[in-house]
Amino acid sequence: MTIRIAVVPGDGIGTEVIPAAVHVLQHLASRHDLALDLVPFDLGAERYLRDGTTMPPEVMERWRTDFQAILLGALGDPRVPGNQHAVDILLGARFQLDLYINLRPVRLLDARYTPLRGKDPSDIDFVVFRENTEGLYTGIGGQFKRGTPDEVTIEAELNTRKGVERIIRAAFAYAQAHGRGSVCMSDKSNAMRHGHDLWRRVFAEVSAEYPQIESFHLYVDALCMELVRAPERFEVIVTNNLFGDIITDLGAQLQGGIGLAASGNINPEGVALFEPVHGSAPDIVGRGIANPLAAILSVGMMLSHFGHADLDAAIQRAVQTCLAQGQVTPELGGELSTDQVTDRVIAHLR
Ligand code: IPM
Ligand code: MG
């Protein structure tokens, strides 16, 4: 099967790390009998500033019907206040393509890069299942008397039975398939008594179907404490959209920084979008020092998603070797450029 991949470098360092990740992908394709069809898409701030286009509906339809995957760099540009293009493209794809699983592994590959004292790679190795299509991200709400002293705003949190159930089921199915012993569900049901009560009930129901997997619950504030105090407690975490956003940035630091955090936005019955967790980093753009490893690890997740777990493992080992040998970009204490790190990864893959 040919994997058709829409490639969207997007803004800022997205245009530096995506070519690096594509380079690694093409290297693997040429050696492992992988049929890939990479189709570039000119979307992002430049396009928006040029002709006002954010996300053409016909492109979204093509992604839905003609593609298996989307590889996205980053979206966000200081010249576009409010970053409407990022909302339309990234959140647009998540919602309209129903990419309901935001899968974010947090895995420490080399002990020296975690800010936690005394923690080893075996202590920091969990995955977050972030609900990706509802919660506080839908934009449901409004502003009344905007800009006046009497202003009122409402931001509604949407939790549907279907949405909560499918992400919790996905977390348990993953734990079972990958030999993970526990699933932690995190919410704030002590304060948010309607929506998060639904999470509690559904979690209890679904966990009863998996008696061999330990299930436990933590309020999200306690989860933040525990992630720093004892990350080894966690194997699979499932949570809502906003809490998942926040705890995966925390997780990114635990694993060595945002430059190492990869993610997949997945619809198990449809297309999937893979992207580094980091943003467009306008402060370092154009200097050739952006860390390509998160984008490269995201390509690994993509390959694993299409049944090539061996190639994902090979990428992780190559990245691990780079980290162990200090072959990294300046923000991790190294001296290499984006291209040099990419070349090292490819050399370690050989
Ligand atoms: C992420 C980002 C996005 C999010 C932003 C850019 C809307 O922070 O993918 O984690 O909040 O989901
Ligand atoms: Mg985020």
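The structure presented is a predicted model; accordingly, all values stated were derived computationally and were not measured. (Residues numbered from 1 in each chain as written. Chains lettered and ligands numbered in written order. Predicted model: local features only at pLDDT ≥ 70, side-chain atom pairs only at ≥ 80, totals over all residues. Heavy atoms only, no water.)

Turning our attention to the environment of G333. Looking at the secondary structure, you find G333 in the loop between helix 10 (309-324) and helix 11 (338-349). A residue is classified by how much of its surface remains accessible, and G333, at 65% relative accessible area, is exposed. Note: C-alpha distance between G333 and M302 (31 residues apart in sequence) is 28 Å. (Helix = DSSP H or I, 4+ residues; strand = E, 2+ residues; numbered from the N terminus. Buried < 20%, exposed > 50% of the residue type's maximum accessible area, 1.4 Å probe, protein only.)

Turning to the domain arrangement of the chain, a few remarks are in order. The domain architecture assigned to the chain consists of domain 1 (1-100 + 267-350) and domain 2 (114-256). Once you take the C-alpha centre of each, domain 1 and domain 2 turn out to be 24 Å apart. In total, about 890 Å² of surface goes out of reach between domain 1 and domain 2, with carbon and sulfur atoms giving 55% of it. It is R94, F95 and Y100 that lose the most area in domain 1 upon contact with domain 2, and together they represent 64% of the buried surface on that side. At the junction of domain 1 with domain 2, the criterion picks out one salt bridge. For D98, the salt bridge identified is with R166, shortest N-O distance 2.8 Å. Between the two partners, domain 1 and domain 2, sit three residue pairs in polar contact (both at pLDDT 80 or more). For the side of domain 1 that touches domain 2, the per-class residue count stands at six nonpolar, no polar and two charged. (Domains from an automatic or database assignment. Buried area = accessible area lost by both parts, 1.4 Å probe. Salt bridge = Lys/Arg side-chain N within 4 Å of Asp/Glu carboxyl O. Polar contact = N/O pair within 3.5 Å; in protein donor to acceptor, adjacent residues only side chain to side chain. Nonpolar A, V, L, I, M, F, W, Y, C, P; charged D, E, K, R; others polar.)

Take a nonpolar patch on the surface next. Together, F144, V152 and I154 give the surface a local cluster of nonpolar side chains, amounting to about 300 Å² of exposed area. Relative to the helices and strands, I154 resides in strand 7 (residues 152-155). (Patch = residues over 30% accessible without salt bridge, like charges linked within 9 Å, V, L, I, M, F, W, Y side chains within 5 Å. Areas by Shrake-Rupley, 256 points an atom, 1.4 Å probe, with all protein chains shown as cover.)

Moving on to the nonpolar core. Ranked by internal contacts, the top residues of the largest apolar core, which has 68 residues, are F129, I168, V183, V238, I315, L323 and V345. Viewed by domain, this core spans two of them, domain 1 (1-100 + 267-350) and domain 2 (114-256), each represented by three or more residues. Apart from the residues lying within four places of it in its own chain, the contact partners of V183 are A171, F172, A175, F203, I213, E214, S215, F216, V236 and V238. Listed in part, the 21 residues of the second largest apolar core include F41, M60, F67 and A93. (Core = buried A, V, L, I, M, F, W, Y, C linked by side-chain atoms within 4.5 Å. Contact = heavy atoms within 4.5 Å.)

Applying the stated criterion to the full structure yields seven aromatic pairs. Between the aromatic rings of F41 and W63, the centroid separation amounts to 5.6 Å while the plane-to-plane angle is 85 degrees, which identifies the pairing as edge-to-face. Of this pair, F41 sits in the loop between strand 2 (36-40) and helix 2 (45-51) while W63 sits in helix 3 (residues 57-66), placing them 22 residues apart in sequence. Both residues of the pair, F41 and W63, belong to the buried class. Among the aromatic residues, those joined into a cluster by ring pairs are F41, W63 and F67. In this structure, R4 packs its charged tip against the face of F67, placed 4.6 Å from the ring centre. Above the plane of the ring of Y137 lies R130, whose end atom (NZ or CZ) is 5.1 Å from the centre. (Phe/Tyr/Trp six-rings, centres within 6.5 Å; stacked < 30°, edge-to-face > 60°. Lys NZ or Arg CZ within 6 Å of the ring centre and 35° of its normal.)

On to the side chain of Q316. Take Q316: it is sitting in helix 10. When neighbours within four sequence positions are excluded, Q316 is seen to be in contact with R107, L109 and L297.

A separate point is the site of ligand 1. Neighbouring ligand 1 are the residues R94, R104, R130, Y137 and D245. For ligand 1, the accessible surface in isolation is 320 Å², of which the surrounding protein chains cover 67%. Residues of the shell around ligand 1, tallied by class, amount to one nonpolar, no polar and four charged. (Near = heavy atom within 4 Å.)

Turning our attention to the packing of helix 1 (residues 14-31) against helix 11. Geometrically, a packed helix pair is captured by the angle between its two axes and the distance between the axes. For the pair helix 1 and helix 11, the least separation of the axes is 10 Å and the interaxial angle reads 20 degrees. In terms of orientation, helix 1 lies roughly parallel with respect to helix 11. As for the relative orientation of helix 1 and helix 11, their crossing is right-handed in sense. Here E16, A20, H23, V24, H27 and L28 of helix 1 come into contact with helix 11, specifically with T338, T342, D343, V345, I346 and L349. In the contact of helix 1 with helix 11, the residues fall into six nonpolar, four polar and two charged. (Axes fitted to C-alpha atoms, helices over the stretch in contact; angles between N-to-C directions. Parallel < 35°, antiparallel > 145°, perpendicular 65-115°, else oblique. Left-handed = near helix turned anticlockwise from the far one by under 90°.)

Looking at where T338 falls in the secondary structure, it is placed in helix 11. Put simply, T338 and V328 are ten residues apart on the chain and 8.5 Å apart in space, counted from C-alpha to C-alpha. T338 has contacts with E16, A20, G288, I289, A290, P292 and T329, leaving out every residue within four places of it along the chain.

Confidence in the prediction for the chain averages 97 pLDDT; 100% of positions are at 70 or higher. Taken element by element, the chain is modelled with least confidence in helix 4 (residues 84-96), mean pLDDT 96, and with most confidence in strand 10 (residues 236-239), mean pLDDT 99. (pLDDT = per-residue confidence, 0-100.)

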